[in-house]
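What follows is the residue order along each chain.
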Amino acid sequence: MIKHLIYLASALGLFWLLLSGHYSGFMLGCAVASIALTLFVAWRMDVVDDEAEPVHLTGQIFLYWLWLAKEVAKANLDVCRRIWSPRLDISPTMVCLTANQKTPLGVMLYANSITVTPGTVCVNVEGDKLEVHALTWSAAEDLLEGEMDRRVCELEI
């Protein structure tokens, strides 16, 4: 619990410094007071835990975001090509995937990664089963190959 409060305080402090750019004593005092109030409210609401502050993902998440950004860009180009070209097929498909993640946070990250990628939307999650709508069969096949599932699982280690 303390580890998560420290992480949250650090993240809020860094965010405040990046947005404000003011370093006078009064402004820093206001920042400390507002962060302390936020931490107190979060602690009283009992929302500071592994899922709210996934400290264990911090080191690896940036590499995952880079990989996901590359996949989003590729999928975006594919969807644009299919919209603009009349000879490329659009074959809407529904597939059911099994999420191999160990935690609800991992399943949520996997489902959201699918949804943020153009051409695919996770429409339903029940336990470890994900129902996904894909714009094309090739997009569904990419998900069925399991690369994204594997990468999200690696984050949970």
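Structure: above.
A brief structural summary. Owing to the predicted nature of the structure, the values given are computational and were not obtained by experimental measurement.

1. Regarding the side chain of Thr117
Position of Thr117 relative to the elements: it lies in the loop between helix H4 (104-116) and strand E2 (120-126). Residue classification places Thr117 among the buried residues on the basis of a relative accessible area of 10%. At 2.8 Å, the side chain of Thr117 forms a polar contact with the backbone oxygen of Ser113. For Thr117, the residues in contact, after removing those within four places along its chain, are Leu68, Glu71, Val72, Ala75 and Met148.

2. Some thoughts on the sheet that holds E2
What holds strands together in a sheet is hydrogen bonding between their backbones, with the strands either parallel or antiparallel. Spatially, the three strands line up as an open sheet ordered E1-E3-E2, and their pairing is antiparallel. Pairing within the sheet leaves two strands with one partner each, and these edge strands are strand E1 (93-98) and E2. Direction aside, neighbouring strands of the sheet carry axes that sit 25 degrees apart on average. Bridge count between E1 and strand E3 (residues 129-134): six bridges; the pairing is antiparallel. Looking at E3, one finds that Thr93 is bridged to Ala134. Along the sheet, H4 contacts E1, E2 and E3; its crossing angle with E2, the most-contacted strand, is approximately 150 degrees.

3. A short note on the side chain of Asp149
Checked against the element boundaries, Asp149 lands in helix H6 (residues 147-155). The side chain of Asp149 sits in the buried core without any salt bridge; Arg150 is the nearest counter-charge, 8.6 Å away. Leaving out residues up to four positions away in the same chain, Asp149 has contacts with Thr98, Ala99, Asn100, Gln101 and Tyr110.

4. Structural notes on the pattern of salt bridges
Oppositely charged side chains are able to pair whenever their charged atoms sit close together. One pass over the structure, following the stated rule, counts eight salt bridges. With a closest N to O distance of 3.7 Å, Arg81 and Asp78 form a salt bridge. Of this pair, Arg81 and Asp78 both sit in helix H3 (residues 58-84), separated by three residues, roughly a single helical turn. Among the ionic pairs, Arg82 bridges to Asp89, the shortest N-O distance being 3.0 Å. What makes Arg82 buried here is its relative accessible area of 12%. Each of the salt bridges in this network shares a partner with another, and the network as a whole consists of Asp78, Arg81, Arg82 and Asp89.

5. Quick word on the packing of H4 against H6
When two helices pack together, their arrangement is captured by the angle between the axes and the distance separating the axes. The geometry of H4 relative to H6 is characterised by a closest axis approach of 10 Å and an angle of 145 degrees between their N-to-C directions. Two packed elements cross with a definite hand, and for H4 against H6 that hand is right-handed. Contacts between H4 and H6 involve Gly106, Leu109, Tyr110, Ser113 and Ile114 from the first element and Met148, Asp149, Val152 and Leu155 from the second. A class-by-class count of the residues in the contact of H4 with H6 yields six nonpolar, two polar and one charged.

6. Here we look at the packing of helix H1 (residues 2-20) against helix H2 (residues 25-44)
In the contact formed by H1 and H2, the axes pass within 10 Å of each other and the chain directions differ by 145 degrees. In this structure, H1 meets H2 at a crossing whose hand is right-handed. Taken together, the residues of H2 that come into contact with H1 (itself represented by Leu5, Leu8, Ala9, Leu12, Gly13, Trp16 and Leu17) are Met27, Leu28, Ala31, Ile35, Thr38, Leu39, Ala42 and Trp43. Taken together, the residues that form the contact of H1 with H2 break down as 13 nonpolar, two polar and no charged.

Scoring rules and cut-offs
Residues numbered from 1 in each chain as written. Predicted model: local features only at pLDDT ≥ 70, side-chain atom pairs only at ≥ 80, totals over all residues. Heavy atoms only, no water. Helix = DSSP H or I, 4+ residues; strand = E, 2+ residues; numbered from the N terminus. Buried < 20%, exposed > 50% of the residue type's maximum accessible area, 1.4 Å probe, protein only. Polar contact = N/O pair within 3.5 Å; in protein donor to acceptor, adjacent residues only side chain to side chain. Contact = heavy atoms within 4.5 Å. Pairing = 2+ DSSP bridges. Axes fitted to C-alpha atoms, helices over the stretch in contact; angles between N-to-C directions. Lys, Arg positive; Asp, Glu negative; His and termini not counted. Salt bridge = Lys/Arg side-chain N within 4 Å of Asp/Glu carboxyl O. Left-handed = near helix turned anticlockwise from the far one by under 90°. Nonpolar A, V, L, I, M, F, W, Y, C, P; charged D, E, K, R; others polar.

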